[in-house]
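Topology and contacts: notes
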Amino acid sequence: MREIKVLDPQTANQIAAGEVVERPVSVVKELVENSIDAGATRIKISIREGGLKLIQVGDNGCGMTVSDMLMAPKRHATSKIENAEDLNSLHTLGFRGEALPSIAAVSKLSVTSRLGESAVGWQVVIENGTINEPVETGCPSGTIVRAESLFYNTPARKKFLKSAATELGHASDMIGRMILSHPDIAFELEHEEKNILKSPGNGDLAQAIFAVYGGDITRKMKKISYHGEEKIIGFVSSPELTRSTRHYYNFFVNGRFVRSPELAAILEEAFYTRIPAKRYPVAVIHFTLDPETFDVNVHPAKLEIKFRNLPALKSSFIQALDDIFRRPADVIPGVTLPFTAPKTQPIQRGKDYPDQEIYQEKFQLVSEEPVYPQKMEVLPSRESEQVRKQEAEKQQVFSNMKVLGQLEGTYILASSPEGIYIIDQHAAHERIRFDKIKKAFCAQPSETEYLAVPGVIELTPQQALWLINNIVTIKDLGFILEHFGENTFLLRGVPRWNSGGNSEELLLAIVEKLGNDDSEQLQMDRLVEEELFTMACKSAVKANRHLTEADIGYLLTQLELSNNPYSCPHGRPVLIKITRKEIEKRFMRS
Ligand code: ADP
Ligand code: MG
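Residues numbered from 1 in each chain as written. Chains lettered and ligands numbered in written order. Predicted model: local features only at pLDDT ≥ 70, side-chain atom pairs only at ≥ 80, totals over all residues. Heavy atoms only, no water.

**With respect to the overall build of the protein**
So the rule is basically this: Runs of E in the DSSP output that reach at least two residues are strands. Runs of H or I that reach at least four are helices, and both are numbered from the N terminus. Accessible area is worked out with a 1.4 Å probe on protein chains only. A residue is then buried under 20% of its type maximum, exposed over 50%, and partly exposed in between. Under the convention used here, a 1.4 Å probe and the Shrake-Rupley method define accessible areas, while residue burial counts only the protein chains that appear.
When you go through the protein residue by residue, the secondary structure sums to 19 helices and 23 strands. The buried share of the protein, reckoned over its 590 residues, is 49%. In the structure as shown, the protein presents an accessible area of about 29600 Å², 52% of it carried by carbon and sulfur atoms.

Here you go:
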């Protein structure tokens, strides 16, 4: 074995840097946090080649003295705490004194700074682990940190990075969150000298949201405000505005962005049944909490949070969210409709009943608990050999049903000699619509329907980047787009296979899916299928809608034609059956 040696500081810093500086966005984050900690009210971020060539962050904060500038790039040099006790009363974003040395270890770093009261400033350059002599310089008051040639000396790390556009996407995402968390700071993000994001910094959260998400989203956001033990203020989308991912959840606790499955779950609970499944609201919410009531430092990126009294927070949060739904128009009527009288004529087309062996016993009530789909086994949705063999019989499941009526405006009740069926009308419609879109797509995947009047699509800067990044894939799906300047596009043609559907929504969903997927070479099949599900879901018959006899007849006929009529595209059951045997057992007749 070789002799044991203490690592030289440059190597030690490079290893430590791996934890702090994972990719360009980590550098941007650390530098911007330093500017915020320095009390800046204007922060300008300039990036080249997604951050690999240059990341520059300039601020109008308090500035640094020369001796601070020489100290700061050393490991564990920080002005924010002196001992472990200070950790408990921390008000700054950084405190570990690791960012600057770590960035210096993997880039060519320069810090230029001037204290407000000084006439001149100083510049310090760090190269290959050596801090050069400070040079006097004229500069605006505040600090400019420049990190050039990121990862030039760690090629292994560089290899893991995605394209410049992807890295820029991460950075603009992060700055977007900074804008939303600090409406009182004017941020500006530039890439290759082109403006990507710009916020006014006048303290108005609505204007900050406008800067990040644009007018289309901001117009549909509703204010929430709750003042109790906790202060909860922000904006949440009304149910008409939803997104296909949770990407638009922005929770800030005492000014810090947090990822919180708990807060997400509460938000989703409030929206449950008000928006379609697999759709998510947009939320920008600031929580002001007593620091004693949570722990935030459980994760190195300081993104995760643990609440000490979640039930209390939950009740306040739910109350705050209630504001959005109070207006009558937003409230979805409760389930009050009684069992509709079975006026419907039975739909009978055949006399042969399906082989009971296949479907019987496959789904039965498990316990005395309320009848709820998850509690029952459902018909198999997979196309097993056996099921395929029984195609002929399957074809008659629906035609042999005798419709008894509609239940609670949501379910269709039907019977056959085998037992009773409960069909979820929404899931059934989703299945039918999905089959139709899929068939059309397989026949003409890239066919376009030209629009007489082009649609105007206004995107967020992130979405615009994602769209430009994936323009070929999007064109292959049948969309014809024209760049109209900035983040606005003209939609001149839409996919023929989605005829009758909302293609603008589809386009947005696709852009987001592509943008949120890190694998870049997203399999088109997967993408298309997933989005077809979402689209199918969107325009499907919602629960709580009265169906006419003809509507029900149509649904059943279409289900009969489907290759997979027993589950909706999301895998939820379309129908459940209570077998005659089960009924007999319950009445203790067998
Ligand atoms: P930390 O933020 O954890 O203290 P850093 O390595 O990020 O550690 O920064 C070290 C020190 O450098 C900070 O404590 C602060 O005193 C100083 N500093 C860094 N960036 C700035 C800035 N933009 N303006 C003023 N001071 C700064
Ligand atoms: Mg810091």
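Back to the write-up after that little detour.
**Side note on empty space enclosed by the protein**
As a reminder, the rule being used: As defined here, a cavity is a set of points on a 1 Å grid over the protein atoms alone where a 1.4 Å probe fits but cannot get out. A pocket is an open set with protein on both sides within 12 Å along at least five of seven lines, and residues line them when an atom is within 4 Å of a point. Grid points are joined across faces, edges and corners, and a volume is the space filled by probe spheres set on the points. We call Asp, Glu, Lys and Arg charged. Ala, Val, Leu, Ile, Met, Phe, Trp, Tyr, Cys and Pro are nonpolar, and the rest, Gly among them, are polar.
All chains considered together, the criterion is met by two cavities of 30 Å³ or more. Size it by volume and the largest cavity reaches roughly 90 Å³. Lining the largest cavity are D173, G176, R177, L180, V212, Y213, H247, Y248, N250, T460, Q462 and W466. Looking at the lining of the largest cavity, the element that brings in the most residues is helix α6 (residues 164-181), giving four residues. For the lining of the largest cavity, the residue count by class is five nonpolar, five polar and two charged.

**Some details on the pairing of strand β19 (residues 419-424)**
Worth spelling out the cut-off: Should DSSP find at least two bridges between two strands, the strands are regarded as paired.
The buried fraction of β19 amounts to five of the six residues, a majority that puts the element mostly inside the structure. Across six bridges, strand β18 (residues 411-416) lies against β19 in antiparallel orientation. Opposite A414, over in β19, you have Y421 as the bridge partner. For β19 and strand β23 (residues 575-579), the ladder comprises five bridges, and the chain directions are antiparallel.

**A look at the sheet that holds strand β14 (residues 283-288)**
Using the following cut-off: Fitting a line to C-alpha atoms yields each axis, with helices limited to the stretch in contact; the angle taken between N-to-C directions then spans 0 to 180 degrees.
One open sheet accounts for five strands, arranged β10-β11-β14-β12-β13; its pairing is mixed. Pairing within the sheet leaves two strands with one partner each, and these edge strands are β10 (221-227) and β13 (256-258). Sheet twist, expressed as the mean angle between neighbouring strand axes with direction ignored, is 20°.

**Looking at unusual backbone geometry**
In this structure, E49 takes a positive phi of about 50° despite not being glycine. Judged by relative accessible area, which is 42%, E49 ranks as partly exposed. With a phi angle near 50°, S149 is a residue other than glycine that sits in the positive phi range. The residue S149 is located in the loop between β7 (142-148) and α5 (155-159) in this model. A residue is classified by how much of its surface remains accessible, and S149, at 27% relative accessible area, is partly exposed.

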